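Structure at a glance
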Amino acid sequence: MERLLLRKDFLAAARSPSRAVKACVVQMRVREDQAAARVGFTVTKKLGNAVKRNRIRRRLKEAVRTGLYDEFQPGHDYVIIGRAATDGRCFAALVSDIRSALDTLHTQTRSRAAADITKGQEKP
RNA sequence: UCAGUCGGCUGGAUGGCCGCCUGCGGAUGCGCCAAAAGCCUCCGCGGGAGGAAAGUCCGGGCUCCAUGGAAAUACGGUGCCGGUUAAUGGCCGGCGGGGGCGACCCCAGGGAAAGUGCCACAGAAAAUAAACCGCCCCGGCAUGCCCGGGGUAAGGGUGAAACGGUGCGGUAAAAGCGCACCGCGCUUGUUGGUAACAACAGCGGCACGGCAAACCCCACCGGGAGCAAGAUCGAAUAGGGGUGACAGGGGCGAAAGCCCCAGCCUGUUUCCAGGCCGUCACCCGGGUUGGUCGCGAGAGGUGCUUGGCAACAGGCAUCCCAGAUGAAUGGUCAUCCACGGGGGGCAACCCCUGCAGACAGAACCCGGCUUACAGGCCGACUGACAAU
């Protein structure tokens, strides 16, 4: 798994489907290739001063690293956006929040892909 | 012991598990004809946020750009004196003014007789003075709470501020009108001090209200932009830059050439000087929040010491101490220590509980200033009270 670093990738992810949970917002974009999953983090200035923003980003990073390493699928870009509640949420709840968001996004994408396939079969 | 003034330090601790960035050394692999540089992974040993890292308000280093000469002007800044420093508008020491019983604190602290302007409300009057009430003198007849002329600035009242104060003399009433003391002024002298200035003496009847943080005057200082600076690596076109040749409009002339008209640039203006403006040829070369360098041995830290009241400077010894770039320096759990709440106990203290641990995150680097800050610690001094 790699970090998402370039601005254009963040902009692309922002146009993709997203899922908001209590602790954060998760955006997911399906890429063309099947390379390793990439994860980026966004913490806006609205959430507080630099110390507060650093803590929010570090907790999100740590949640991804320790609890959710296998949940991210290759060929996808993920952007996790911090919210005001990220700092206060206890760590276990933070991890389960992100997991449920990922599950929802993956299921949605799969069903849409299946629909596309069936649609393609109906059409000649 | 209480109240207070000044200065300095600190900015939770320990451990378990799992991680991140980076320096050095080593190993495997990639790379290559070979070696080296470089890169990937792993191992070992080190290092890894602050006193303000913050605001970006001053001053420097560093980098690039600009900089032809002279003068004037504009703009911005600073403003008692001396010292200190790479430098400052910082700091230290002193002077003057103000406040406090005191330790001590505060002051944009040059010029108001160069000029312009302003001074609300109140008040007669807010500055070349003036005269509302009043006081005094003279004259008038209608003898009054009267009218007219003159003297005066003591008293009244207003205000942030009213053209010296107190006393005695003096006078019709008064007045620096005269005198004494105080205050004030002086481009007067002496003494002390590097100086700001102070003390004393002399002179002057007293002239000079405040605001320069309103304009202004005087003295001194000042190129611009910033690490997204700047350098470098990599593809093409357009565009860009340099050099050379030819070349604007009008007049005179056969031509060469000369003169005039211009426009833009070197902050502005003036004078002198210079460059540019289109076409062709040749040469150079690459925009970019892409990579790499810049990038941390420094006006460096610590200790001792010498000089100095001090800021600070010198000497010796010793140490190497963050380097990220969608941005590392952490996450989580436990215990302790503080803190808030509740309960028990005479008390020391004990138990429970709390998303509860101040302000706040390096971004090229230093020196300052300013602002934010839970709690804790230390030193010096002052004033009370008590005791000896």
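Scanning chain A for helices and strands turns up 4 helices and 5 strands. Counting from the amino terminus, chain A carries its helices and strands in the arrangement β-α-β-β-β-α-β-α-α. Projected onto its principal axes, the C-alpha coordinates of chain A cover approximately 60 × 30 × 25 Å. Out of the 124 residues belonging to chain A, those deemed buried represent 36%. Put simply, chain A shows about 7,600 Å² of open surface, and 52% of that area lies on carbon and sulfur atoms. Between the averaged position of the 26 positive side-chain charges in chain A and that of its 13 negative side-chain charges there is a distance of 10 Å.

What follows concerns helix α1 (residues 7-14). The set of residues buried in α1 consists of Asp9, Ala12 and Ala13. Mapping the buried residues of α1 onto a view down its axis gives an arc of 100°, with all of them on the same face. What points out from α1, more than 90 degrees from its buried face, is the exposed set Arg7 and Lys8. Those residues of α1 hidden inside the fold are in contact with β3 (24-30), β4 (38-42) and β5 (76-82).

With that settled, the discussion passes to the sheet that holds strand β2 (residues 18-20). Through backbone hydrogen bonds, the strands of a sheet pair up, either in parallel or in antiparallel fashion. Pairing is mixed across the open sheet formed by 5 strands, whose spatial order is β1-β4-β5-β3-β2. On the outer flanks of this sheet lie β1 (2-3) and β2, each paired with one strand and no other. Where β2 meets β3, 3 bridges bridge the pair, whose relative direction is antiparallel. Of the residues in β3, the one forming a bridge with Arg19 is Val26. Across the face of the sheet, α1 comes into contact with β3, β4 and β5 while running at roughly 100° to β3.

A word on the pairing of β3. Working note: regular strand, side chains alternate between the two faces of the sheet. The buried count for β3 comes to 5 of 7 residues, which makes it a mostly enclosed element. Pairing between β3 and β5: 7 bridges, direction antiparallel. Across the sheet, residue Gln27 finds its bridge partner in β5, namely Val79.

Here is what the cut-offs are and how they apply
Residues numbered from 1 in each chain as written. Chains lettered and ligands numbered in written order. Predicted model: local features only at pLDDT ≥ 70, side-chain atom pairs only at ≥ 80, totals over all residues. Heavy atoms only, no water. Helix = DSSP H or I, 4+ residues; strand = E, 2+ residues; numbered from the N terminus. Buried < 20%, exposed > 50% of the residue type's maximum accessible area, 1.4 Å probe, protein only. Areas by Shrake-Rupley, 256 points an atom, 1.4 Å probe, with all protein chains shown as cover. Lys, Arg positive; Asp, Glu negative; His and termini not counted. Charge placed at Lys NZ, Arg CZ, Asp CG, Glu CD. Arc of directions from axis to C-beta. Contact = heavy atoms within 4.5 Å. Pairing = 2+ DSSP bridges. Axes fitted to C-alpha atoms, helices over the stretch in contact; angles between N-to-C directions.

Scope: geometric values only; no functional claims are made or implied.
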